[in-house]
Each structure stands twice: as C-alpha cells, then as structure tokens.
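The lines below spell out each chain.
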Amino acid sequence: TAIMEKILWRRSLQLHAQQQAWQESLEGRGILEFRQSLPAYKEKDAILTAILQNQVLIISGETGCGKTTQIPQFILESEIDFVRGAVCNIICTQPRRISAMSVSERVASERGEKLGESVGYKVRLEGMRGKETRLLFCTTGILLRRLLIDRNLKGVTHIIVDEIHERGINEDFLLIVLKDLLPRRPELKLILMSASLDAELFSSYFGGAPLIHIPGFTHPVRIHFLENILEMMGYRLTPYNQIDDYGQERMWKMSKQAPRKRKSQIASAVEDALRAADFKDFSPQTWESLSCWNPDCIGFNLIEYLLSYICENERPGAVLVFVTGWDDISSLKDKLQSHPILGDPNRVSLLTCHGFLASSEQKLIFEEPKDGVRKIVLTTNIAETSITINDVVFVLDCGKAKETSYDALNNTPCLLPSWISKVSAQQRRGRAGRVEPGECYHLYPRCVYDAFAEYQLPEILRTPLQSLCLQIKSLKLESISEFLSRALQSPELLAVQNAVEYLKIIGALDESENLTILGRYLTMLPMEPKLGKMLILGAILNCLDPVLTVVAGLSVRDPFLTPLDKKDLAETAKLQFSRDYSDHLALVRAYEGWKEAEKDLAGYDYCWKNFLSAQSMKAIDSLRVEFLSLLKGTGLIDGNATSCNTWSYDQHLIRAIICYGLYPGICSVVHNEKSFSLKTMEDGPVLLYSNSVNARESRIPYPWLVFNEKIKVNSIFLRDSTAVSDSVLLLFGGSISRGNVDGHLKMLGGYLEFFMQPAIAEKFQSLRREFDELIQN
Ligand code: ADP
Ligand code: MG
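Rules behind the numbers
Residues numbered from 1 in each chain as written. Chains lettered and ligands numbered in written order. Predicted model: local features only at pLDDT ≥ 70, side-chain atom pairs only at ≥ 80, totals over all residues. Helix = DSSP H or I, 4+ residues; strand = E, 2+ residues; numbered from the N terminus. Buried ≥ 20, exposed ≤ 12 C-beta atoms within 10 Å, placed from the backbone. Contact = placed C-beta atoms within 7 Å. Expected span 1.5 Å × (residues − 1). Near = placed C-beta within 6 Å. Nonpolar A, V, L, I, M, F, W, Y, C, P; charged D, E, K, R; others polar. pLDDT = per-residue confidence, 0-100. Pairing = 2+ DSSP bridges. Axes fitted to C-alpha atoms, helices over the stretch in contact; angles between N-to-C directions. Parallel < 35°, antiparallel > 145°, perpendicular 65-115°, else oblique. Left-handed = near helix turned anticlockwise from the far one by under 90°. Core = buried A, V, L, I, M, F, W, Y, C linked by C-beta atoms within 7 Å.

**Q** Please give an account of the overall build of the chain that cites residues and values.
**A** Of the regular secondary structure elements, the chain holds 33 helices and 25 strands. Considering the chain as a whole, with its 777 residues, one finds that 43% of them fall into the buried category. Long-range contacts, defined as pairs at least 24 residues apart, comprise 71% of the intrachain contacts of the chain with a sequence gap of at least 6.

What follows is the structure, given as structure tokens:
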C-alpha cells in the first residue's frame, strides 16, 4: 500500500501540473474567462467550503448559470489542486443520456482534454471513460445499477445528483438509497442540484442540509398567448361576456379585423379549425381536442406561420420550438423543410435537439449561425432545463410534453403527450431572455395556461410502480412498501400494492415477495415487465425476430396512422397486413415489408402508401438493435444472435409469447348471431378501438383476446389485441408456479409437441422445469 500511495501521489502531482499548464495556456485562459462570466463561478468558493464542511449540500440556480458544467469541475479542480487528483472519484448523474454525453464532452473540452481522459461518460450500452477518469457523467440508471453490485460505492468520493427538480422516478429512488448509504460512508459527499427554488424539500429530507442559491439574471420576456397570436394574424378573439353580458363564462367571439396583411393559407386553416370548434366553449377541453399534434394539425400550422412571420419581420436571434417528442420533431422538420423560407438553408438553419441525436449535430445547436441565417431549433422538453442554447430570443411553446422523457426503455412507453405545468411553461419562457429581451409564443389560449397545474406531480406519484418495485427487490432491500414509505413523497399504498400484486400475477415475485428467476432476469431488462417477459421467452424459444418487432412496436407511437379525414382508407390499409386476428402480427408484417422496401430505398413510399409512420418504423428499427444487445447482456442469448430465430415464422409460437407478456390483459370473446362482444373480468363489456384489425371481423375463431392497453373514454376501449386459444392462455398466461406445476407441464409438453418440433418442446420443458424448481426453492 505504501508503494500504491506513492504512485497515486506522483500521479496527482502530474495532474496538478497538467491542469496548471492548461489554465496558463492561451486557449485555456480564454475558456477560463468564459467560465468566470457564468454566475456559478462567483459562488465557487462558497460552494467548495460548504462541501468541505457538510456531507450533503443542495445547490439551486437558474438554468444556464453553470451548475452542470461548472460545479463538478470545481470539485475536480480543487481535488487536483490539493494533490488528491488521482484519488478522487466524482460521479455526476443526469436524467437523460443526451445530457450525460453532451455535458461530459463540454467539460472535457473546457479542460483542454479529450473525452475519456479525466472526464468521461457512461450511459446504457455506450460510454467513454478510461483508467484515469476521475469525473464521470452517467445516467441515473447507471448509478443505480452500480449500486446493485457495489452497495457501498467503494472508492467514490463525491456524488452529484443533477436536475433533482424534475423529480423523475429514478432520481427519487436513488435519493432513498443514498440517504441510507450516507451513514455507512461518512466521508462520501453528496451534492444535489436543482433548477428551481423549491429546494427546501430536499434540504429537510436530508436533515436540514445547507442550501446555496446561485443568483441569475434574465431579461424580460414578452408573452403572447393564442389570442394575441390570432390577433397578429388578423383576428380578434375576445371573451363574449365582455361585449354583451350573457352571464356565461368562456363565451368567445372571433371577429375579423381588416386583415393587416394578405391572409395566408395557414391563417385560414387555423380559422377553419377554430370555427369547427364552434367557439362557444373555448375551454381547455375544446383546445385539447383541437390541438392534437400531427403534421396537418392546427398546432403545426401555427408553428409554421409564426416561424415564417419571425423570419420575415423580426430582429435577429435564434428560435427555440418546444414540441412533445422526437417523432413530432421529425415530422415537423419534414413539414418545414418544404416551406420556401424555412426550408432555405441560406436563410434558416433548421436544427433538432433530442435524445437520439448524433453528437456532430448536437454541437451545431450551440454554434452561431452564419450571418443572415436564422437558427431554429426544434426540441423536446430537454431544452427546458438540461441544455442551454445561448442565443435564443424567441420561444414557441406547444404547451405539451410527454410525461416521461424520450427514452422508452427507462420509462413507461406509449405515454401520450399531456399538458405541462405552469413552472415548466415559465422555464420555457425563460429560455428567450438570456441575451436580450425576448418573446415567447404560447400556442394555446390564456385560459388553458390558467388551468395548468402549478407543479408537475413527481413521477413516482403518477406512473405504475412495477419496474421500480422490481428494482427495489433486486437491491435486496426490505419490504417494498416500507422502502417506498421513506421516499421524498411516498406513493399511495394502493399503488404499491397494485404493482406488487401485478408482479406476483406475472410470476416475477413469489408469494412472499421475493424475486423469482424470471424476476431476476426482468431486472436486467430496463423496460416494462410485460415487454421484458416477451423478450425473454422469445429468446428461450428461438423466436426472437418477430418478438423484437412486437416489443419495439409497443415502445413507440402507434406506427399505423389514422388521419381523421382518411380514417376508412387507413384502416383498410392496415387490414392487408392482417391474416390472423392480431394487431401485433400485423405490425410484424408491416415492419418486414418496410424493411424489404428500405433495401430499395423505397421505405418512405411504402409508408406513405400503407398509412404507416416512417418515424415509428425507424424507431422500431433502432430499438430492435438496442433490445437485442440488452438480451445479450442477460446471457440468455449468445453473441451470435442469428441462432435465435429457428422458430421465427411459427405464428402459434409468436401468439403464445405475446400472451405470455400481455397476461393478465385478457378478455373473452362471446359470439352471437351476427358478430361478437367482449368482456373482461374487471370491467364487464369492453370495445375494440376502431383501428384494431379485430374490430373489422365479424367472427373471431378464438375464445380470447390478449391486449396491451385499456383506455377509458366513455366506454372502455382496448387498443392492440391478439386472439389466442384456450391452450395458449392456459399454458402461457400467468405464472406456472402459482398453479399445478405437473399438470401444466404435461399439457405444455403435449401442446408444444403438437404444434412444434419435439426437440424444442423438450428443451423448453426442461428449462421450464428448472425454472420452477428454482422458484420453488
Ligand atoms: P446549468 O446546468 O446551470 O443549466 P450549464 O452548466 O449546463 O448550466 O451551462 C452553463 C453555460 O455553459 C450555458 O449558459 C452555455 O452557455 C454553456 N454551455 C454549456 N454546454 C455547452 C456546449 N456544449 N457548448 C457551448 N456552450 C455550452
Ligand atoms: Mg444543468
């Protein structure tokens, strides 16, 4: 150890010399000057002292003040200055992959280094770090995984948890675990960073830990709501009851002013949409139904109008456009690119900012455009607080966000966009005032804003807790409900019970809430358990290809488009992919057709002809690759994944795997003379979504449908469904260990032999037996 210490000491001295040389170099001095201009720099000493004197510190400060890029760097620099450079080990977590990657690159370049030297990053399936890496940016999920194998975080000296104001489920979970860890590791320092001022909650959670606020400065931002935007377009939208008193609220009147300019096509499209809504009741609900986000909708039209208005009439300055997700971003980009001004690269540099971005494009969003070119960045809520683009003067805010972040794997996928909170709207607005007074266009009426919630509910209180409960179990923590009762804000007991009960039903937990073998495999697959189950069985049964497509398809926005005015055509187009009473199998066929067409570079035409979303197809394509590497990580398949497709064309098998995943989402099919009706155990009668292939059938030659989602509108509607037989339900529904194992296995063997080759039946039987023996023990 004495030799070891000597080596570390010498290495620390080297690091110190390197750091000094950089700071004294010409380039280094320039960067230091920029850093010193950031508000965080003024608090540097106060922050470092507070870290020295306390185990936990909470730092808040306006977005862009330098929290993420500077504070981890202050710590690293001061450790190096105290000749502890080779000993310190700083981890900074980010809620999103893209910020971990872009921030680490920025910090490395501010230190005059390449990524992977003293600064690195690690996100799922990707990373860049070396032996010498002392400051690691990673996603929260990565740190949670490390805690799985290294409960005490041996060797880590500082943990920085960033963006805690977002209250993501992973961050809330991490805080409980860290709170437990602190007494066991008294020398470990914990720093929490937040963009908002409500940091007291965190302070009291950590026993009154000190707070440091970094004061910031922003210029005033002028606010325009939909009313004002319409006025710009030549309409006046006034509350009716201000004109003559009907005694009714929310009566609106739209009158035409003498149009200031030639009325554009877009203006009339917007007008038509608004007229269709009748204007009598211009409530948040009405606006909700108007402002669906798709290429032809009023929202996209408004954005196009405003962007061209800004380009033609406004002073220079970048524009930031907030839409809901990356599929919106790409369809909006396609639309704008065909616009005469917005699509002209000599006038507009049209950029995007979202999680799937390549890093070369990522850098462009920070760069100044050429003279006379206006930078327009289409973004998700990632630019709300995680990424700061300096030269923004105009902000367009659609008012919505996908509740969970872009990453379908870590979150409950398929979530629909929903209204943001007032705090988020203010954050978005604030992005416009960083360099000079700015303008913010909210693409919704004032009354909708007034109806926004003040804050967004923390994720832990609004999402299903199944994956979280599995993770708690995998950390070998105590009872799930007791653990969650120590959260910053604990979820309702009922929500916890529901999740635990679900995990028991699907066989991931046994009766005494312990992880089963299946459960253990599921914890290795960061996605909804039902999707993980399908992947696992698909791998075991050598039927991986179609299962990857089904699972990826369930993780993205429905690839089958149904434009309102061409509903019938679109639904008929979907039917050509249907032969076997399954929406999931229809998707598999659609995807395979697309893949074939892509070979001739005709993927786009194929999508257009078949009412498919090209974006969703591409997303499925890349998710499949990602899922495959996750499966390799579990050891269920080896590196040579092509061997897992022996049975990929066996329809019965695919059906069984879908059933295995979607159980207990099941309803019975009851035929009468002309058609059939559906019933679930919990709800009674239910209906099919009109774009389900099964909705077009008059008979379904199977007694059951498994489905992945129920939506309650007036009645209860089932989304995608697949018909299954009695035996499939019996054998693949639920967990075998709960019932009569022997009987099940016998039936299973018979069934598999009947439909498939005996060899695989045998393999499966013995696997399943092993599985069960392990669970029983
Ligand atoms: P915070 O975390 O407080 O929101 P950051 O540390 O992310 O702030 O950013 C501080 C400043 O550094 C920003 O205002 C921005 O100007 C600059 N910055 C951050 N990342 C980059 C980058 N990749 N390229 C150029 N400038 C950047
Ligand atoms: Mg930040």
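**Q** Which residues make up helix α30 (residues 651-662), and what values go with them?
**A** Here α30 spans 16 Å end to end across 12 residues, near enough to the 16 Å set by a 1.5 Å rise per residue. Of all 12 residues that make up α30, 10 are buried, and the element is covered over most of its length. Elements in contact with the buried residues of α30: α24 (529-540), α25 (544-555), α27 (583-599), β22 (704-707), β25 (721-724) and α31 (726-732).

**Q** Tell me about the site of ligand 1, residues and numbers included.
**A** Near ligand 1 lie 15 residues; those nearest to it are Gly-64, Lys-67, Thr-68, Thr-69 and Phe-366. For the shell around ligand 1, the secondary-structure elements that each account for two or more residues are α5 (67-81) and α6 (97-110). A per-element tally of the shell around ligand 1 places α5 first, with four residues. Residue classes in the shell around ligand 1 are distributed as three nonpolar, 10 polar and two charged.

**Q** Summarise the confidence of the model for the chain; cite the residues concerned and give the values.
**A** Interpretation of this model should avoid reading the predicted coordinates in detail wherever pLDDT is low. Per-residue pLDDT for the chain averages 82, and the proportion of residues at 70 or more is 82%. Low pLDDT, under 50, characterises residues 277-282; the stretch is placed with 12 contacts to residues that sit more than four places away or in other chains. A low-confidence stretch, residues 291-296 (pLDDT under 50), is modelled with 16 contacts involving residues beyond four sequence positions or located in other chains.

**Q** Can you break down helix α29 (residues 614-634) residue by residue, with the values?
**A** Taking 1.5 Å per residue as the helical rise, α29 with its 21 residues ought to reach 30 Å, and the 31 Å between its terminal C-alpha atoms agrees with that figure. Along α29, the residues that are buried comprise Ala-614, Gln-615, Ser-616, Met-617, Ala-619, Ile-620, Leu-623, Phe-627 and Leu-631. In this structure, the buried side of α29 is in contact with α14 (326-337), α24, α25, α27 and α28 (603-610). Following α29 by one or two positions, Gly-635 has its phi on the positive side, about 85 degrees.

**Q** Explain the sheet that holds strand β20 (residues 676-680) residue by residue, including any values.
**A** Pairing is mixed across the open sheet formed by seven strands, whose spatial order is β23-β24-β21-β20-β19-β22-β25. The two strands at the open ends of the sheet, each matched to only one other strand, are β23 (710-712) and β25. Strand-to-strand, the axes of this sheet are offset by a mean angle of 40 degrees, without reference to chain direction.

**Q** Quick rundown of the sheet that holds strand β14 (residues 374-379)? Include the residues and the values.
**A** With respect to topology, six strands assemble into an open sheet ordered β9-β18-β15-β12-β14-β13, the strand pairing being parallel. The two strands at the open ends of the sheet, each matched to only one other strand, are β9 (221-224) and β13 (348-353). Adjacent strand axes in the sheet meet at a mean angle of 20 degrees, parallel and antiparallel pairs treated alike. In terms of strand pairing, strand β15 (residues 392-397) meets strand β18 (residues 438-442) through four bridges, oriented parallel. Paired with Val-395 across the strands is Cys-440, a residue of β18.

**Q** So, the environment of Met-527: which residues are in play, and what are the values?
**A** Its location among the elements puts Met-527 in the loop between α23 (517-523) and α24. Taking the C-alpha atoms as reference, Met-527 lies 33 Å from Tyr-449; in sequence the two are 78 residues apart.

**Q** Please set out the packing of helix α4 (residues 44-53) against α5 residue by residue, giving values where relevant.
**A** Interaxial distance between α4 and α5 falls to 11 Å at its minimum, and their mutual angle equals 70 degrees. Classified by the interaxial angle, the pair formed by α4 and α5 is roughly perpendicular. Relative to α5, the crossing made by α4 is right-handed. Every residue of α5 that contacts α4 at Lys-44, Ile-47, Leu-48 and Ile-51 is listed here: Ile-71, Phe-74, Ile-75 and Ser-78.

**Q** Mind laying out the nonpolar core, listing which residues take part and the relevant values?
**A** Grouped together as the largest cluster of nonpolar side chains are 187 residues, with contacts concentrated most on Val-321, Met-534, Leu-535, Val-547, Val-551, Ile-657 and Cys-659. Beyond its immediate chain neighbours, meaning those up to four positions away, Ile-657 contacts Met-534, Leu-537, Gly-538, Leu-541, Cys-543 and Val-547.

**Q** Could you give an account of the packing of α27 against α28, with specific residues and numbers?
**A** Interaxial distance between α27 and α28 falls to 7 Å at its minimum, and their mutual angle equals 145 degrees. Along the contact surface, α27 presents Ala-590, Gly-593, Trp-594, Ala-597 and Glu-598, while α28 presents Gly-603, Tyr-606, Cys-607 and Asn-610.

**Q** Describe the pairing of β13, with residues and values.
**A** For β13, the tally of buried residues reaches five of six residues, placing the bulk of the element in the interior. As paired elements, β13 and β14 share six bridges and run parallel to each other. Of the residues in β14, the one forming a bridge with Leu-351 is Val-377.

**Q** Hey, could you go over the pairing of β15 for me, with residue numbers and the actual values?
**A** Summarising burial for β15: six of the six residues are buried, a large majority. Bridge count for strand β12 (residues 318-322) against β15 is five bridges, and the pairing is parallel. Within the sheet, the bridge partner assigned to Phe-322 lies in β15 and is Asp-397.

**Q** An account of unusual backbone geometry is requested, with residue identities and associated values reported.
**A** Where the residue is not glycine, phi is negative for most of them; where a peptide bond is considered, it is trans in most cases. Cis geometry is adopted by the peptide bond preceding Pro-664, which originates at Tyr-663 and carries an omega value of 5 degrees. On the secondary structure map, Pro-664 appears in the loop between α30 and β19 (666-671). Even without being glycine, Arg-167 reaches a positive phi, approximately 55 degrees. Among the structural elements, Arg-167 can be located in the loop between β6 (158-161) and α8 (169-184). With 22 C-beta atoms counted inside 10 Å, the residue Arg-167 sits in the buried group. A positive phi angle, close to 60 degrees, is found at Leu-601, a residue other than glycine. Considering the arrangement of structural elements, one finds Leu-601 in the loop between α27 and α28.

**Q** An account of the environment of Pro-703 is requested, with residue identities and associated values reported.
**A** With respect to the helices and strands, Pro-703 occurs in the loop between β21 (684-688) and β22. For the pair formed by Pro-703 and Ala-451, sequence separation is 252 residues and the distance between their alpha carbons is 45 Å. Contact partners of Pro-703, with chain neighbours within four places excluded, come to Ser-668, Val-669 and Asp-726.

**Q** With reference to specific residues and values, describe the environment of Glu-459.
**A** Within the element layout of this structure, Glu-459 appears in helix α19 (residues 459-462). Its 22 C-beta neighbours within 10 Å are what place Glu-459 among the buried residues. Taking the C-alpha atoms as reference, Glu-459 lies 8.5 Å from Glu-166; in sequence the two are 293 residues apart.

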